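Examination of the molecular architecture
One-letter residues, chain by chain:
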Amino acid sequence: MSDPYERSAEYLDIMIAEAWEPLAPALADVLGLVRAGAGAVVDLGAGSGRGVRVICRALPNAPVLAVEPSAAMRSVLLARVHEDAGLRERVTVLPGDCASTEWPDGVRAVVALNMIGHLPPGERRVLWSRAAAQLAPGGLLVFNVTPPFAPVRMERVRMAHVVIGEMEYEGWASARPTGADEITWRMDYSVLRRGRRLDGVSVEYRWWVAGEEVLASEVAAAGLALRRVGDPGLGLCVVERANEVPAPLG
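Residues numbered from 1 in each chain as written. Predicted model: local features only at pLDDT ≥ 70, side-chain atom pairs only at ≥ 80, totals over all residues. Heavy atoms only, no water.

Remarks on the pattern of salt bridges
Oppositely charged side chains are able to pair whenever their charged atoms sit close together. The tally for this structure, following the rule as stated, stands at 13 salt bridges. Residue Asp13 is joined to Arg80 by a salt bridge in which the shortest nitrogen-to-oxygen separation is 3.0 Å. Of this pair, Asp13 sits in helix α1 (residues 9-15) while Arg80 is found in helix α4 (residues 71-82), placing the two residues 67 residues apart along the sequence. Just as Asp13 is buried, Arg80 falls in that class too. Two residues, Asp188 and Arg186, come together in a salt bridge whose shortest N-O distance is 3.0 Å. Take Asp188: its relative accessible area is 9%, and that puts it in the buried class. When salt bridges that share partners are traced, they join Asp13, Arg50 and Arg80 into one network. (Salt bridge = Lys/Arg side-chain N within 4 Å of Asp/Glu carboxyl O. Helix = DSSP H or I, 4+ residues; strand = E, 2+ residues; numbered from the N terminus. Buried < 20%, exposed > 50% of the residue type's maximum accessible area, 1.4 Å probe, protein only.)

Laid out in structure tokens, this is it:
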């Protein structure tokens, strides 16, 4: 399997740090909705492990299976887990993806942040079916969706700028339609010192797009229900068994 992050993993953890400032407390709030009292948490596409830290704080007694297919990203994830004694005791890092990695039955929660777009429609449906079969009663799956929701062109924009010592790190993103329900992202990373570019890399990867109605229909076909939670700008969605969705307050 090709690794779209093999050449860009050097930059990704620092580039996503700002985005995680609102996302981390929002994820913690969602995990507070988990009614299952036992079971592991599966973090799909765990990346560099920022979500793993949130999970361990929000559900302090749950073992965590951190699934990450990219060897380059796993190197960052493993370092983050290893440097924290508490994480070392609870977090198991697994190579593989959401289709190939086995989960135990009775999973308390599944976290799939910033990764649903990596899944073609058929693999998304497999994910919903696995969640329906293997979530513990009162468990949930949380994922996020961000624009675009249709295959449209996205003009180049700077997504991150980080200063570390004398170095500046920049990330730029753009996208073009490449199918009926997919786009191809182009990410350009640059390293500058005193305004002069010293290094950098450009990478491309496929991304499948879908609106909330499409996703809700797929989820319903698996006997689950989808609802939005939290700040709409973060695009967080919770998936639960349809017969376990809590009644609205009031």
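Quick look at the sheet that holds strand β9 (residues 196-208)
Taken together, the 4 strands give an open sheet; going across it, the order is β6-β7-β8-β9, and neighbouring strands pair in antiparallel fashion. The open sheet has two free edges, formed respectively by β6 (154-164) and β9, since each of these has just one partner strand. When the angles between neighbouring strand axes are averaged without regard to direction, this sheet yields 15°. Two elements, strand β7 (residues 167-179) and strand β8 (residues 182-193), share 12 bridges in a ladder whose sense is antiparallel. Within the sheet, the bridge partner assigned to Trp172 lies in β8 and is Asp188. (Pairing = 2+ DSSP bridges. Axes fitted to C-alpha atoms, helices over the stretch in contact; angles between N-to-C directions.)

A closer look at the sheet that holds strand β1 (residues 41-44)
On the basis of which strands lie adjacent, the open sheet formed by 7 strands has the order β3-β2-β1-β4-β5-β11-β10 and mixed pairing. One side of each edge strand has no neighbouring strand; the edge strands of this open sheet are β3 (91-94) and β10 (224-228). Taking each pair of neighbouring strands and ignoring which way they run, the sheet shows an average axis angle of 20°. Where β1 lies against strand β4 (residues 107-112), 3 bridges are found, and the strand directions are parallel. The residue of β4 that forms the bridge with Val41 is Ala109. Lying over the sheet, helix α3 (residues 50-58) contacts β1, β2 (64-67), β3 and β4, oriented at roughly 165° with respect to β1. (Contact = heavy atoms within 4.5 Å.)

Digging into the state of the cysteines
Throughout the structure, instances matching the rule amount to 0 disulfides. The closest cysteine sulfur to the non-disulfide-bonded Cys237 is located on Cys98, 16 Å from its own sulfur. Using a relative accessible area of 1% as the deciding quantity, one classes Cys237 as buried. (Disulfide = S-S within 2.5 Å.)

Geometry only, nothing functional implied.
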